[in-house]
Amino acid sequence: MLLQISEPGQSAKPHERKLAIGIDLGTSNSVVATVRSGEPVVLADEQDNSICPSLVHYTAEGGVVVGQAASEKLLSDPANTINSIKRLMGRGVEDSASLGQSLPYTFTEKEGSGVPYISTVAGEFSPIEISSEILKHLAALGERSLSSGSASELDGAVITVPAYFDEAQRQATKDAATLAGLKVLRLLNEPTAAAVAYGLDKQAEGLIAVYDLGGGTFDVSILRLSKGVFEVLSTGGDSALGGDDFDQAIVDWVLNESAHAKTLEPVEQRALLLKARDAKEQLAGSHSTTIEFNNQLFELNRETLAEVLQPLISRSIKSCRRALRDADISAEDVDNVVLVGGSTRTLAVREAVANLFGQEPLSDLDPDRVVALGAAIQADILVGNKPDSDMLLLDVIPLSLGIETMGGLVEQIISRNTAIPVAKAQEFTTFKDGQTAMAVHVLQGERDLVSACRSLARFELRGIPPMVAGAAKIRVVFQVDADGLLMVSAEELTSGVKTSVDIKPSYGLADDDISRMLQDSFSHAKDDMKARALREQQVEAERVLEALVPALEADGDLLSEQERQTIVQAMEALLQTRQSAESPRDIEAAIEVVAQCTDDFAARRMDRSIKSALAGQNLDDIDS
Ligand code: ADP
Ligand code: MG
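Residues numbered from 1 in each chain as written. Chains lettered and ligands numbered in written order. Predicted model: local features only at pLDDT ≥ 70, side-chain atom pairs only at ≥ 80, totals over all residues. Heavy atoms only, no water.

- As annotated in an unreviewed UniProt entry, the protein chain carries the name Chaperone protein HscA homolog and is attributed to Pseudoteredinibacter isoporae.
- In its Function (unreviewed entry) section, UniProt records this for the protein chain: "Chaperone involved in the maturation of iron-sulfur cluster-containing proteins. Has a low intrinsic ATPase activity which is markedly stimulated by HscB."
- Quoted verbatim from the Sequence similarities (unreviewed entry) field of UniProt, the annotation for the protein chain is "Belongs to the heat shock protein 70 family." (UniProt positions renumbered as here; feature names shortened; annotations may be inferred.)

The structure is reproduced here in structure tokens:
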């Protein structure tokens, strides 16, 4: 889980070098890279292809064909040739209904799994299994080109994922890698990998925009680098915008130019799309080209292409503006712009990006390989090939850390996958009048309920000066150092009373436990949410009741007997509901009733306390 940091100056000897690869597992294309003689390089297959289409073809005999070879089947056997599987990773059956519409597959649900399976001639497969076929293919490619002669095993891989991938999508990617027999050193965000490939992590700090336009998706990420840690400030994009849309726009242009009235057969359509793509890709290197259609030649030059693509490109620029706004920065604040994705080879795209940011984007590295190169650099370090590297970059905590709050709920303080070292603080307060101690229960896990998380430590903050409930300010600080060690401290700010404990959160939890706990958190998310809402209302009811009892005792004389009766009845009703209600709404309603009939009482108490405070002040004045 944690980085091994060796003594400086102890480079691994050549024969001790570990075999590590970086994998860009893309929606349309995947790339595998490694570091060779200190330089990151992409690895090519026997046909010299270094870009592997993310396609998996299943045959009736149960065989599996991946990559370039599968692309021929895309036309002839689409139902058994799976593309864009990345879109379904970590998604539920509900998602496949909406996402699946654009995909020609038959979905089935394996009982109780909640995961959409795809039916093929060779059987039913989950997105994780399908994705693992791509990873197996890339791993084999890596093994072949790395091991001199006899096939030796890889020591580890870094796999990249979009910055916006949630826990379920990340976990699914990791599971696919495990299934492919890969040891995952780390999942790395794609934009971070691109920044690492350009060596931007060597700067002390900076704001980086990563513009990634691939085959079918557009992602923009705003990163902040400080002290060797990349923080994702915002992400944006469009999951249905990419080079495929460029191709379609060119097809539409050709059809329009040729005044072609009749609709195309799917095969004609596909053939024309391929010509459009060829033309588009050629225009990255030349000024003009031709597309043949219906025995006619159409000249397409860069200017026309720019016009044809303009609406699509400006959609991506709008997303960039939104991401900048979300990160609360302006385009001029960005120090470096990185281009990623094959579609950024189109000149009009580069110009639009340069125009937005007012600077030339970095583009020395191949935009469709840069993510894999960055992943390879990270893999090389993480596997231990560069022990003298001072790069402690980007380790993350595997599970969220938090403390117990009222009602057996967990308040997360540092969420999972946060890069370390990190320190975060949160303020809490006392629950009861005169409370002089607070128990701090430190927990690890993703669930909302204390009982479903792992308890790491308990300690007490004592000596809080007695105050009314809610007046004490208790600041709880969680600090995780570069070795993953956690220190928790609690301090009452008005008095300065403080205690702390050291905890070692990363020990004792095997990877299996971690994935089980994560799995649990996904499958229980809905239950947890309901339980949390109920507990929160129960706690709120308790708070209301506990505040009212002493108030009635102290200032009951402000009420008529009739008023007092009404309040007591409402309180009894609330107490009842608090114990029996299954829905948080019922408790909320009962609290509302209490609130309504105590409004006046509260106002009168306020008057009284202001008067006594003023009286006190007068006394002070006289004293001085
Ligand atoms: P992804 O990350 O989505 O898997 P890539 O980054 O590999 O995909 O991008 C694939 C897209 O890049 C395709 O639409 C392809 O047509 C486009 N592309 C590749 N080379 C060029 C080029 N020379 N000019 C324009 N577009 C290109
Ligand atoms: Mg990509």
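Having seen the structure, we can now continue with the description.
**Structural notes on the overall build of the protein chain**
Okay, step 1: A count of helical and extended segments in the protein chain gives 15 helices and 28 strands.
Okay, step 2: Here the protein chain holds 624 residues, and the buried ones make up 46% of them.
Okay, step 3: In the protein chain, once contacts between residues fewer than 6 apart in sequence are set aside, the share between residues at least 24 apart is 64%.
Okay, step 4: Carbon together with sulfur atoms contributes 48% to the accessible area of the protein chain, which is approximately 30600 Å² in total. (Helix = DSSP H or I, 4+ residues; strand = E, 2+ residues; numbered from the N terminus. Buried < 20%, exposed > 50% of the residue type's maximum accessible area, 1.4 Å probe, protein only. Contact = heavy atoms within 4.5 Å. Areas by Shrake-Rupley, 256 points an atom, 1.4 Å probe, with all protein chains shown as cover.)

**Focus on the site of ligand 1**
Okay, step 1: The immediate surroundings of ligand 1 are formed by 18 residues, with Ser-28, Asn-29, Lys-280, Glu-281 and Gly-342 found nearest.
Okay, step 2: Between ligand 1 and the protein, one listed contact pairs an oxygen atom with a backbone N or O atom of Ser-28 at 2.8 Å.
Okay, step 3: Between an oxygen atom of ligand 1 and a main-chain N or O atom of Gly-215, the distance comes to 3.0 Å.
Okay, step 4: When ligand 1 sits alone it has 590 Å² of accessible area, and the protein chains cover 89% of it.
Okay, step 5: For the shell around ligand 1, the secondary-structure elements that each account for two or more residues are α7 (243–257) and α8 (266–282).
Okay, step 6: For the shell around ligand 1, the per-class residue count stands at 1 nonpolar, 11 polar and 6 charged. (Near = heavy atom within 4 Å. Polar contact = N/O pair within 3.5 Å; in protein donor to acceptor, adjacent residues only side chain to side chain. Nonpolar A, V, L, I, M, F, W, Y, C, P; charged D, E, K, R; others polar.)

**Brief notes about helix α11 (residues 370–382)**
Okay, step 1: Between its terminal C-alpha atoms α11 stretches 19 Å, which fits the 18 Å expected from 13 residues at 1.5 Å a residue.
Okay, step 2: In terms of residue burial, α11 counts as a mostly covered element, since 13 of its 13 residues are buried.
Okay, step 3: Looking at the residues trailing α11, positive phi occurs at Gly-384, about 100 degrees. (Expected span 1.5 Å × (residues − 1).)

**What to know about the confidence of the model for the protein chain**
A low pLDDT score tells you not to read the predicted coordinates there in detail.
Okay, step 1: Chain-level statistics for the protein chain give a pLDDT mean of 84 and a share of 85% at 70 or above.
Okay, step 2: Confidence drops under pLDDT 50 across residues 390–394; counting only partners more than four residues distant or on other chains, this segment forms 19 contacts.
Okay, step 3: With pLDDT under 50 throughout, residues 616–624 is counted as low confidence; its partners more than four residues away or in other chains account for 0 contacts. (pLDDT = per-residue confidence, 0-100.)

**What about the packing of aromatic side chains?**
Okay, step 1: Evaluated as defined, the whole model comprises 2 aromatic pairs.
Okay, step 2: On the basis of an interplanar angle of 10 degrees and a centroid distance of 4.3 Å, the ring pair of Tyr-58 and Phe-125 is categorised as stacked. In this pair, Tyr-58 is assigned in strand β5 (residues 56–58) and Phe-125 in strand β10 (residues 123–125), connecting sequence segments 67 residues apart.
Okay, step 3: Overall, Tyr-58 belongs to the buried group, its relative accessible area being 2%. (Phe/Tyr/Trp six-rings, centres within 6.5 Å; stacked < 30°, edge-to-face > 60°.)

**Here's the deal with helix α10 (residues 347–357)**
Okay, step 1: Buried within α10 we find Ala-348, Val-349, Val-353, Ala-354, Leu-356 and Phe-357.
Okay, step 2: Looking at the buried positions of α10, the neighbouring elements they touch are β13 (205–213), α7, α9 (302–326) and β18 (336–340).

**Quick look at the pairing of β13**
Okay, step 1: Among the 9 residues in β13, 8 count as buried, and that is most of the element.
Okay, step 2: Bridge count between β13 and strand β14 (residues 218–226): 9 bridges; the pairing is antiparallel. Looking at β14, one finds that Tyr-211 is bridged to Val-220.
Okay, step 3: Linking β13 back to β14 in an antiparallel pair, the connection comprises 4 residues.
Okay, step 4: Where β13 lies against β18, 5 bridges are found, and the strand directions are parallel. Its bridge partner lying in β18, Ile-208 is registered against Asn-336. (Pairing = 2+ DSSP bridges.)

**Observations concerning a positive patch on the surface**
Okay, step 1: Taken together, Lys-318, Arg-321, Arg-322 and Arg-325 make up a surface patch of like positive charges.
Okay, step 2: By secondary structure assignment, the location of Arg-321 is in helix α9.
Okay, step 3: Arg-321 gets classed as partly exposed once you look at its relative accessible area, which sits at 46%. (Patch = residues over 30% accessible without salt bridge, like charges linked within 9 Å, V, L, I, M, F, W, Y side chains within 5 Å. Salt bridge = Lys/Arg side-chain N within 4 Å of Asp/Glu carboxyl O. Lys, Arg positive; Asp, Glu negative; His and termini not counted. Charge placed at Lys NZ, Arg CZ, Asp CG, Glu CD.)

**Things to note about the packing of α9 against α10**
Okay, step 1: Contact geometry of α9 with α10 gives a least axis separation of 8 Å together with a crossing angle of 40 degrees. Comparing their axes, α10 and α9 come out oblique. As α9 runs across α10, the sense of the crossing is right-handed. On the side of α9, the interface is formed by Arg-302, Ala-306, Ile-313, Ile-317, Cys-320, Arg-321 and Leu-324, while α10 contributes Leu-347, Ala-348, Val-349, Ala-352, Val-353, Leu-356 and Phe-357.
Okay, step 2: Class assignment of the residues belonging to the contact of α9 with α10 gives a composition of 12 nonpolar, no polar and 2 charged. (Axes fitted to C-alpha atoms, helices over the stretch in contact; angles between N-to-C directions. Parallel < 35°, antiparallel > 145°, perpendicular 65-115°, else oblique. Left-handed = near helix turned anticlockwise from the far one by under 90°.)

**Comments concerning the nonpolar core**
Okay, step 1: Grouped together as the largest cluster of nonpolar side chains are 44 residues, with contacts concentrated most on Tyr-211, Leu-300, Leu-309 and Phe-357.
Okay, step 2: With 9 residues, α9 is the single largest residue contributor to this core.
Okay, step 3: Counting 37 residues, the second largest nonpolar core, distinct from the first, contains Val-66, Ile-82, Tyr-105 and Ala-157. (Core = buried A, V, L, I, M, F, W, Y, C linked by side-chain atoms within 4.5 Å.)

**Remarks on the environment of Lys-432**
Okay, step 1: Mapped onto the fold, Lys-432 is located in the loop between β23 (422–428) and β24 (437–444).
Okay, step 2: What makes Lys-432 partly exposed here is its relative accessible area of 44%.
Okay, step 3: Once the C-alpha coordinates of Lys-432 and Glu-546 are considered, the two residues, 114 residues apart in sequence, prove to be 7.6 Å apart.
Okay, step 4: Look past the residues within four positions of Lys-432 in its chain and what remains in contact with it is Met-467, Ala-469 and Glu-546.

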